[in-house]
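# Report on the structure
Below are the chains, spelled out letter by letter.
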Amino acid sequence: MKYYPVQSGYPPYPAVNLAIEAVFAEHGRGNVQMPPKVYVTFVERGDFRTMPAYLPALGIAGVKIVNVHPHNRARGLPTVMALTVLIDVETGMPKALVNATELTAMRTGAAGAVAAKHLSPWDSVSLGVIGAGRQAEALVDATAAALKIEEILVWSQTEKSAEAFATKYSEYNARAVSIERACDCDVLFTTTPSTKPIVKADWIREGTHINAIGADAPGKQELDPALLLKSEVFVDDLGQAVHSGEVNVPISTGIYNAAQIAGTLGEVVIGKIGRSSPEAITIFDSTGLAIQDLAIAALVVREEDGYELPFP
């Protein structure tokens, strides 16, 4: 078995986007094995999740373990850390252990880029960004490899974070604005850990595509449920989204019904479904899939040299 620390030389976003698009297509065709992620919760601290999957078409199987600890920033630690284990399909022997901390942000950013590519009615877009952390950066970087970005409107709970984000992406005419102004865009990213809606339905104009990223566990939500009711909602995986995606709270409270979900991103990628019109508001409800982790880990294993570890 080899260990891949992946501390530099990350795969480029054009390659990551293609790999993530390919596994979503496999998901859309029903060609994956992927039980819903399992959560273990540490009260008032965070949680960790296990995410297994098998991609027969690519001959890849494995599992990721990932934590989410929102208070880690004060400790000087990442809020998300992860390890992916790739398994030999023939023998079950672990063949690679991959540091997936940065890769987790990248594969989520790539999923958002794939969703924007297929669901936004425009190839040249203004971006609205709610939340200015690492995940927001990954979404912008991945989307820049898929669409032309004309401007970025960013809001964060702290003005300092929004200003720093705007400075980093000054090449895209990025600027810090109010949350309502950030929602006046072509493609909107929401990347906060909020448990209460912060994006109001009245702020979103016709034709907007939204990548709802922050709600990735039970009880989390960022969007006004009224916005879901007037939008076409596409999920990464139905089982996970109902349990822990943007739709989880509206469904559990009876405001929204799972039957109203338009379909999955994989079905969009393979052309089975899509937005109904250029005027429709579309939402991609992203919970993060194990198949994404396998795809990006496979890129690393293919391109990098690892360190031999004795096993068994």
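Positions within a chain are numbered from 1, following the residues in the order the chain's sequence is written. Side-chain atom pairs in this predicted model are given and counted only at pLDDT of 80 or more, local residue features only at pLDDT of at least 70, and totals for whole chains, interfaces and linings cover all residues. Heavy atoms throughout the structure, all of them, feed into the side-chain values; hydrogens and water do not.

## Things to note about the UniProt feature "active site" (unreviewed entry) in the protein
- UniProt positions are given in the numbering used here, feature names are shortened, and annotations may be inferred rather than shown by experiment. Using the residue numbers shown here, the UniProt feature "active site" (unreviewed entry) corresponds to Lys64.
- With respect to the helices and strands, Lys64 occurs in strand S4 (residues 60–68).
- Between buried and exposed lies partly exposed: a residue is buried under 20% and exposed over 50% of the maximum accessible area for its type, with that area taken using a 1.4 Å probe on protein chains only. Looking at Lys64, the relative accessible area reads 1%, which means it is buried.
- Among all residues touching Lys64, those that are not within four sequence positions of it are Arg49, Thr50, Met51, Ala82, Leu83, Thr84, Ala100, Thr104, Arg107 and Asp293. Each helix is a run of DSSP H or I of at least 4 residues and each strand a run of E of at least 2, with the numbering of both proceeding from the N terminus. It only takes one pair of heavy atoms within 4.5 Å for two residues to be counted as in contact.

## A few points about helix H10 (residues 290–303)
- Multiplying 1.5 Å by the residue count of a helix minus one yields the expected span of that helix. Its 14 residues give H10 an end-to-end C-alpha distance of 20 Å, which sits within 8% of 20 Å, the value for a rise of 1.5 Å per residue.
- Judged by how many residues are buried, H10 sits mostly within the fold: 10 of 14 residues are covered.
- Along H10, the residues that are buried comprise Ala290, Ile291, Gln292, Asp293, Leu294, Ala295, Ile296, Ala297, Leu299 and Val300.

## Overview of the sheet that holds S4
- In space, the 7 strands of this open sheet follow the order S2-S3-S4-S5-S6-S1-S15, with mixed pairing throughout. Both edges of this open sheet fall to strand S2 (38–42) and strand S15 (307–308), since each of them pairs with a single strand only.
- DSSP calls a pair of strands paired once it identifies at least 2 bridges connecting them. As paired elements, strand S1 (residues 2–4) and S15 share 2 bridges and run antiparallel to each other. Note on S15: the bridge partner recorded for Lys2 is Glu308.
- On the sheet, H10 packs against S1, strand S3 (46–55), S4, strand S5 (80–87) and strand S6 (94–99) and is oriented at approximately 75 degrees with respect to S3. Between the N-to-C directions of two axes lies an angle of 0 to 180 degrees, each axis being a line fitted to C-alpha atoms and, for a helix, fitted only over the stretch in contact.

## Here we look at the pairing of strand S8 (residues 148–155)
- Of all the 8 residues making up S8, 6 are buried; the element is thus mostly covered by neighbouring parts of the structure.
- Taken together, the 7 bridges between strand S7 (residues 124–130) and S8 define a ladder with parallel strand orientation. Across the sheet, Ser126 pairs through a bridge with Glu151, a residue of S8.
- Think of it like this: strands point away, you trace from the first strand over the helix to the second, and a clockwise trace means the crossover is right-handed. Between S7 and its parallel partner S8, the chain crosses via helix H3 (residues 134–144), and the hand of that crossover is right-handed.
- Two strands pair when backbone bridges link them, and S8 and strand S9 (residues 174–176) are joined in this way by 3 bridges, in the parallel orientation.

## Brief notes about the domain arrangement of the protein
- What fixes the domain bounds is an automatic or database domain assignment. Domain assignment breaks the protein into domain 1 (2–103 + 291–308) and domain 2 (108–289).
- Tallying the contact residues gives 22 residues for domain 1 and 31 residues for domain 2.
- When two parts are brought into contact, each loses some accessible area as probed by a 1.4 Å sphere; the total of that loss over both is the buried area. The largest contributions to the domain 1 side of the interface with domain 2 come from Tyr13, Glu21 and Phe24, which together make up 28% of the buried area.
- Here, a salt bridge means any side-chain nitrogen of Lys or Arg that lies within 4 Å of a carboxyl oxygen of Asp or Glu. For the pair domain 1 and domain 2, the interface holds 3 salt bridges.
- For the salt bridge of Arg49 with Asp216, the shortest nitrogen-to-oxygen distance reads 3.3 Å.
- By the criterion applied in these results, polar contacts are pairs of N or O atoms within 3.5 Å in which, for protein atoms, one can donate a hydrogen and the other can accept it, and in which residues neighboring in sequence qualify only through two side-chain atoms. Our count for the contact surface shared by domain 1 and domain 2 stands at 14 residue pairs in polar contact (both at pLDDT 80 or more).

## Description of the packing of helix H1 (residues 13–28) against H10
- Where H1 contacts H10, the two axes come as close as 9 Å, and the packing angle between them is 140 degrees. By the criterion of interaxial angle, the relationship of H1 to H10 is oblique. Crossing hand, H1 versus H10: right-handed. Contact with H1, carried on its side by Ala15, Val16, Ala19, Ile20, Val23, Phe24 and His27, involves Ile291, Gln292, Ala295, Ile296 and Leu299 of H10 and no other residues of that element.
- Partitioning the contact of H1 with H10 into residue classes produces 10 nonpolar, 2 polar and no charged. For this classification, under 35 degrees means roughly parallel, over 145 means roughly antiparallel, 65 to 115 means roughly perpendicular, and everything else is oblique. Handedness of a crossing is defined here by the sense of rotation of the near helix relative to the far one, left-handed for an anticlockwise turn of less than a right angle and right-handed for a clockwise turn. Residue type decides the class: Asp, Glu, Lys and Arg count as charged, Ala, Val, Leu, Ile, Met, Phe, Trp, Tyr, Cys and Pro as nonpolar, and the leftover types, Gly among them, as polar.

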